[in-house]
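Next come the chains, spelled out residue by residue.
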Amino acid sequence: MANAASGMAVHDECKLKFLELKAKRTFRYIIFKIEEKQKEVIVEKVGDPTQSHADLAADLPTAECRYAVFDYDFVTEENCQKSRIFFIAWSPDTARVRNKMIYASSKDRFKRELDGIQVELQATDPTEMDLDVFKSRAN
């Protein structure tokens, strides 16, 4: 069902891959792309569990917006192993204005489709989503 505000639909694969990441931990991250011709959000790339935060950052384009979900593992001060699912709205300064507007207007509806997001990050360059940011926002 397309979103009235932006006219974007969400491909079923997006929800299915997210459920796999959340429940089975099959992926470390998922990068989503808006396919403008089909007016639909699709899965662009998945990162296997052995991949890291650096791999996610390297896979994001430098001049186009994307959405990403990242399964961040960490150890608390009490020495407990924990995990947080981050939603990242990637909107680099070098992206076209139209691209930024489409992603911004579709973000909230798309995020609602992914039940289980725990932390949201808005990033315009890699420093806004480095590992220290994840650590500070995870607790």
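Attention here is on the structure that accompanies the text. The structure presented is a predicted model; accordingly, all values stated were derived computationally and were not measured.

1. As for the overall build of the chain
Within the chain, the regular secondary structure consists of four helices and six strands. What you see in the chain, going N to C, is helices and strands ordered as β-α-β-β-α-β-β-α-β-α. Here the C-alpha atoms of the chain give a radius of gyration of 15 Å, agreeing with the 14 Å that 2.2 N^0.38 yields for 139 residues. Taken along the three principal axes of its C-alpha coordinates, the chain extends 45 × 30 × 20 Å.

2. Points about the pattern of salt bridges
For the structure on display, the rule yields twelve salt bridges. The salt bridge partner of Arg25 is Asp71, with a shortest N-O separation of 3.1 Å. In this pair, Arg25 is assigned in the loop between helix H1 (12–24) and strand S2 (29–35) and Asp71 in strand S4 (residues 66–75), connecting sequence segments 46 residues apart. Exposure remark for Asp71: the relative accessible area of 3% places this residue in the buried category. Among the ionic pairs, Glu36 bridges to Arg98, the shortest N-O distance being 3.0 Å. Taken together, the residues span a long stretch of sequence, with Glu36 in the loop between S2 and strand S3 (40–47) and Arg98 in helix H3 (residues 97–113) at a distance of 62 residues. Looking at Glu36, the relative accessible area reads 27%, which means it is partly exposed. When salt bridges that share partners are traced, they join Asp12, Lys15, Arg109 and Glu113 into one network.

3. Description of the side chain of Asn99
Secondary-structure assignment places Asn99 in helix H3. Within the structure, Asn99 has its side chain in polar contact with the backbone nitrogen of Cys65 (distance 2.7 Å). Not counting residues up to four positions away in its chain, the partners in contact with Asn99 are Glu36, Glu64 and Cys65.

4. Quick look at H3
For H3, with 17 residues, the first-to-last C-alpha span of 25 Å sits near the 24 Å given by 1.5 Å per residue. Largest kink in H3: about 50 degrees, centred on Lys107. Of the residues making up H3, those classed as buried are Asn99, Ile102, Tyr103, Ser106, Lys107, Arg109 and Phe110.

5. Side note on the nonpolar core
Counting 22 residues, the largest nonpolar core has Phe32, Tyr67, Val69 and Phe110 as its most contacted members. When residues of this core are traced back to their parent elements, those giving at least two are H1, S2, S3, S4, strand S5 (81–90) and H3. Filtering out sequence-adjacent residues up to four positions away, Phe32 remains in contact with Cys14, Val41, Ile42, Val43, Glu44, Arg66, Tyr67, Ala68, Val69, Tyr103, Phe110 and Leu114. In terms of nonpolar packing, the next biggest core, distinct from the first, is built from 17 residues, Phe74, Ala123, Met129 and Phe134 among them.

6. Here we look at the pairing of S4
Summarising burial for S4: eight of the ten residues are buried, a large majority. Two strands pair when backbone bridges link them, and S2 and S4 are joined in this way by four bridges, in the antiparallel orientation. Bridge assignment links Phe32 to a residue of S4, and that residue is Tyr67. Counted between consecutive antiparallel strands, the loop separating S4 from S5 contains five residues, among which Asn79 sits at a positive phi close to 65 degrees.

What counts, and where the lines are drawn
- Note on numbering: residues in each chain are counted from 1, in written sequence order.
- Where local features are concerned, this predicted model is filtered to residues with pLDDT of at least 70; where side-chain atom pairs are given and counted, the filter is 80 or more; whole-chain, interface and lining totals use all residues.
- Remark: hydrogens and water are excluded; side-chain values derive from all non-hydrogen atoms of the structure.
- Secondary structure elements follow DSSP: runs of H or I no shorter than four residues count as helices, runs of E no shorter than two count as strands, and numbering proceeds from the N terminus.
- Our radius of gyration looks at C-alpha atoms and nothing else; its globule reference is 2.2 Å times the residue count to the power 0.38.
- Every case where a carboxyl oxygen of Asp or Glu lies within 4 Å of a side-chain nitrogen of Lys or Arg is listed as a salt bridge.
- Note on exposure labels: buried denotes an accessible area under 20% of the residue type's maximum, exposed denotes more than 50%, and partly exposed covers the range between, all computed with a 1.4 Å probe on protein chains only.
- Identification of polar contacts relies on pairs of N or O atoms within 3.5 Å, with a donor-acceptor requirement for protein atoms, meaning one able to donate a hydrogen and the other able to accept it, and with residues adjacent in sequence counted only if both atoms are side-chain atoms.
- Only heavy atoms enter the contact rule, under which two residues are in contact if any of them lie within 4.5 Å.
- In this analysis, the expected span of each helix is defined as 1.5 Å times one less than the number of residues it contains.
- Fitting axes to the seven residues that end at a residue and to the seven that start at it, the angle between those axes gives the bend at that residue.
- For this analysis, a nonpolar core means a set of buried residues of the types Ala, Val, Leu, Ile, Met, Phe, Trp, Tyr and Cys, connected via side-chain atoms within 4.5 Å.
- Should DSSP find at least two bridges between two strands, the strands are regarded as paired.

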